[in-house]
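Results of the structural survey
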Amino acid sequence: MDQKPYAIYIHGVGSGAKSGTKSSLAHYFTEYEWINPEVTHDPYESIPLLNEWAKTFQPALIAGTSMGGLYTLYVDCPSAIKLAVNPAMNIETVLRKIGYGKYKYLCERENGETEYVIDEAMARRFIQFRNEHEIIKGVRNMAVFSTADELVGRENSKKSAAVLEKLDFEIYRYDKFGHRMNEQAAKKIVGWMRGA
């Protein structure tokens, strides 16, 4: 049996490699062999790691949600389809909205960590990284924005969509999910990707 092409899923801030969102995508996108690296809140650590995974696995698709959607935009893999769902392009705004402090991860982390800290230093790392790096497009580029995203917010989503539209991303909006992707959104995304 032929090896399926790989797809990489990149999780959000409070998640990890065992994210349930990857399972939802894998359920609907069965044509791919899904792999999901565990990333940190530091883009200077995470993007080089993701670039290594992309180089090793040569994925046909890179998908990410929230912080993972942001990271998807910067992974150096121009031969892949890029799918960013609710990308937190101004993640410092999101972090400040959540509030500085200590939080529990939503799933078990491979490195055993159970908590993470949001602080101003984290926000500033993202700002610095964004100012120093350019978005890298793929062979096809899609961005999905929830019109009911309670975390990023409608105005920030509109601004992010406008930036990506100028870079020739296909922009999709959907009102049946919030910041976290759900089954309805996964089904809708499958339809958009397959032209249904």
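Rules used throughout
- Residues numbered from 1 in each chain as written.
- Predicted model: local features only at pLDDT ≥ 70, side-chain atom pairs only at ≥ 80, totals over all residues.
- Heavy atoms only, no water.
- Core = buried A, V, L, I, M, F, W, Y, C linked by side-chain atoms within 4.5 Å.
- Buried < 20%, exposed > 50% of the residue type's maximum accessible area, 1.4 Å probe, protein only.
- Contact = heavy atoms within 4.5 Å.
- Axes fitted to C-alpha atoms, helices over the stretch in contact; angles between N-to-C directions.
- Helix = DSSP H or I, 4+ residues; strand = E, 2+ residues; numbered from the N terminus.
- Parallel < 35°, antiparallel > 145°, perpendicular 65-115°, else oblique.
- Left-handed = near helix turned anticlockwise from the far one by under 90°.
- Pairing = 2+ DSSP bridges.
- 1 Å grid on protein atoms, 1.4 Å probe; cavity = no way out; pocket = protein on both sides within 12 Å on 5 of 7 lines; lining within 4 Å.
- Points joined across faces, edges and corners; volume = space filled by probe spheres on them.
- Nonpolar A, V, L, I, M, F, W, Y, C, P; charged D, E, K, R; others polar.

**Concerning the nonpolar core**
Membership of the largest hydrophobic core comes to 37 residues, with the highest contact counts inside it found for Ile10, Tyr71, Ile91, Leu95, Phe126 and Leu164. Excluding residues that lie within four positions of it along the chain, Leu95 makes contacts with Val13, Tyr100, Ile118, Met122, Ala123 and Phe126. Tyr32, Met181, Ala186 and Val190 belong to the second-largest nonpolar core, a separate cluster that totals 24 residues.

**Concerning the packing of helix H4 (residues 91-98) against helix H5 (residues 120-132)**
With their axes 9 Å apart at the nearest point, H4 and H5 run at an angle of 170° to one another. The angle between the axes of H4 and H5 places the two elements in the roughly antiparallel class. Crossing of H4 against H5: the hand is right-handed. Every residue of H5 that contacts H4 at Ile91, Glu92, Leu95 and Arg96 is listed here: Glu120, Met122, Ala123, Phe126, Ile127 and Arg130.

**Comments concerning the sheet that holds strand E1 (residues 6-10)**
In space, the six strands of this open sheet follow the order E2-E1-E3-E4-E7-E8, with parallel pairing throughout. Looking at strand neighbours, the two that pair on one side only are strand E2 (33-35) and strand E8 (170-174), the edges of this open sheet. Put simply, the sheet's adjacent strands are angled 20° from each other on average, direction ignored. Bridging between strand E3 (residues 61-65) and strand E4 (residues 81-85) involves five bridges; their strand directions are parallel. Its bridge partner lying in E4, Ala63 is registered against Leu83.

**Observations regarding the pairing of strand E7 (residues 140-146)**
As a general feature of sheets, a regular strand has side chains that alternate between the two faces. Among the seven residues in E7, six count as buried, and that is most of the element. As paired elements, E4 and E7 share five bridges and run parallel to each other. Bridged to Ala84 within E7 is Ala143. Note: E7 against E8, five bridges, orientation parallel. Among the inter-strand pairings, Phe145 is bridged to a residue of E8, identified as Arg173.

**Here we look at empty space enclosed by the protein**
Inspection of the entire model under this criterion finds one cavity of 30 Å³ or more. Lining the largest cavity we find Pro43, Leu70, Tyr71, Met89, Ile91, Phe126, Phe129 and Arg130. Every element with two or more residues in the lining of the largest cavity is listed here: helix H3 (67-74) and H5. With three residues, H5 is the single largest residue contributor to the lining of the largest cavity. A per-class count over the lining of the largest cavity returns seven nonpolar, no polar and one charged.

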